[in-house]
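# Results of the structural survey
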Amino acid sequence: MTPEEAWGERWRAATSPMARRYMETAASKRSLVCLAADRNTMAGLMALIDAVADHVVALKTHVDLVDDWSPEAWATFCQRAEAANMLVFEDRKFADIGKISRSQMAGQYNIRTWADLVTAHLISGPDIVDGLQAGWGDVDRRGGVLLLAQMSSRGNLLTPDYTNEVVTKGREHEGVFGFIGNGSRPEELATLRAKAGDGKMIWTPGVNLAVGDGAMGQRYGDPTEAVLAGSDCIIVGSGIHLADDPSAAARAYAEASWRGLMERTGDR
Ligand code: 5BU
């Protein structure tokens, strides 16, 4: 199946090279899964990549939670991800003013050199997107920013008005790859999709095949429902990396997400 057949209007409208790369890989793996690789050792992370590569399109990292992090080990990890056709997405949730965000793309972790995507809050204003893009530009790379329009956690302070502001500003900005939407509430996702239009990605944490409350205020919704409501990528962490068989779990999430996309595109 071609990416256009799989994605329909999203393929035609979301023309950024990074979005196209994601949609192409998703169509070839028949998966809309981003794995939240929240393991805290390099060995654990390496083992995870090998287990899930066929079913996962992007790897979401928190570089600062790895106990034995080193630049060399991380470079190997990122090379393996790239070789297995996975985008690398650092969920850094940048929030500072533009020039500091640009500097924070460098530093010890040097995120600008290996991340294809990063997350950011728009709380400090739209210049943060320019700062992050300038960070990639400093090393002659291109990347995409996912703005937090919603969150999955209980009691978060991202009100509907705030979400609207983020979407209004973000949908006009070329450096914005898309938005983070709340996967635990399909009705919130549908509202977000209506505002975002077809030209931007919506990626969603807070999904699990076991719907309900998670640890410490996390909430989970159904992955297929999230895609039907307009999500383009389900971000799954513990549902895969804590499973007895991460490879089988990744396949199950891939199938659930793909089923949602086929139904969604077919309905149009
Ligand atoms: P889980 O194990 O599937 O609950 O992991 C969810 C991941 O998504 C974890 O890495 C969080 O940092 C990330 N996340 C989230 O859960 N909710 C949000 O609103 C955002 C990110 Br933004």
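Every value quoted in this text rests on a predicted model; they were computed, and no experiment measured them.

The next point concerns the layout of surface pockets. The volume enclosed by the largest pocket comes to roughly 510 Å³. Forming the walls of the largest pocket are 29 residues, and the residues nearest its centre are Asp38, Lys60, Ser152, Pro205 and Gln218. Counting residues per element, the ones that place at least two in the lining of the largest pocket are strand 3 (87–94), strand 10 (233–236) and helix 11 (238–241). Residues that form the lining of the largest pocket fall into these classes: 12 nonpolar, 13 polar and 4 charged. Of the volumes computed, that of the second largest pocket is approximately 270 Å³. Together, 13 residues line the second largest pocket, and Ser16, Pro17, Arg142, Gly143 and Glu174 are the ones closest to its centre. For the lining of the second largest pocket, the class distribution of residues is 4 nonpolar, 6 polar and 3 charged.

With that settled, the discussion passes to helix 9 (residues 186–196). Counting along an α-helix, one turn takes 3.6 residues, and residues three or four places apart therefore face a common direction. Those residues of helix 9 lying buried are Leu189, Leu192, Arg193 and Ala196. For helix 9, the angular spread of buried residues about the axis comes to 100°, placing them on one side. Facing away from the buried side of helix 9 by more than 90 degrees, the exposed set consists of Glu187 and Ala194. Those residues of helix 9 that are buried lie in contact with helix 2 (9–13), helix 8 (160–170), strand 6 (176–180), strand 7 (201–204) and helix 10 (223–228). Taken from the residues just after helix 9, glycine 197 is the one with a positive phi, measuring 75°.

This part is about the pattern of salt bridges. Counted under the stated rule, the structure contains 13 salt bridges. Between aspartate 91 and lysine 93 there is a salt bridge whose closest N-O contact spans 2.9 Å. On the accessibility criterion, aspartate 91 (9% relative accessible area) is buried. Arginine 193 is the salt-bridge partner of aspartate 232, the closest N and O atoms lying 2.6 Å from each other. Taken together, the residues aspartate 232 in the loop between helix 10 and strand 10 and arginine 193 in helix 9 connect sequence positions 39 residues apart. Shared partners join several salt bridges into a network, and the residues in it are Arg10, Arg193, Asp198, Asp232 and Arg264.

In the vicinity of the ligand there are 15 residues, among which Asp38, Lys60, Ser152, Tyr220 and Ser238 approach most closely. In this structure, lysine 60 approaches the ligand through a side-chain N or O atom, which is 2.8 Å from an oxygen atom. Between the ligand and serine 152, the relevant distance is 2.7 Å, taken from a nitrogen atom to a side-chain nitrogen or oxygen of the residue. Protein coverage of the free-state accessible area of the ligand, which is 490 Å², stands at 87%. Assessed atom by atom at 2 Å from the grid points, the ligand resides in the largest pocket.

Calculation notes
- Residue numbers here run from 1 along each chain, matching the order of that chain's written sequence.
- Local features in a predicted model are, by the rule used here, given only for residues with pLDDT of at least 70; side-chain atom pairs are given and counted only at 80 or more, and totals for whole chains, interfaces and linings are based on all residues.
- To obtain the side-chain values, all non-hydrogen atoms of the structure were included, while hydrogens and water were left out.
- The pocket and cavity definitions rest on a 1 Å grid over protein atoms only: a 1.4 Å probe that fits but cannot leave marks a cavity, an open set with protein on both sides within 12 Å along at least five of seven lines marks a pocket, and residues lining either have an atom within 4 Å of a point.
- Grid points are joined across faces, edges and corners, and a volume is the space filled by probe spheres set on the points.
- Helix and strand labels come from DSSP, where a helix needs a run of H or I of at least four residues and a strand needs a run of E of at least two; each type is numbered from the N terminus.
- In this classification, Asp, Glu, Lys and Arg are treated as charged, Ala, Val, Leu, Ile, Met, Phe, Trp, Tyr, Cys and Pro as nonpolar, and every other residue, Gly included, as polar.
- Exposed residues in this analysis have more than 50% of their type's maximum accessible area, buried residues have under 20%, and partly exposed residues fall in between, with area computed by a 1.4 Å probe over protein chains only.
- Note that the arc is defined by the directions from the helix axis to the C-beta atoms.
- In this analysis, two residues are considered to be in contact whenever any of their non-hydrogen atoms come within 4.5 Å of each other.
- What makes a salt bridge here is a side-chain nitrogen of Lys or Arg within 4 Å of a carboxyl oxygen of Asp or Glu, nothing more.
- One heavy atom suffices: a residue is near a molecule or strand as soon as one of its heavy atoms comes within 4 Å of it.
- What qualifies as a polar contact is a pair of N or O atoms within 3.5 Å, subject to a donor-acceptor requirement within protein and to the restriction that residues adjacent in sequence count only when both atoms come from side chains.
- Throughout, the Shrake-Rupley method with a 1.4 Å probe supplies accessible areas, and for residues the shown protein chains are the sole cover considered.
- The rule for placing a molecule in a cavity or pocket is simple: more than half of its atoms must lie within 2 Å of the grid points.

Geometric values such as these leave the question of function open.
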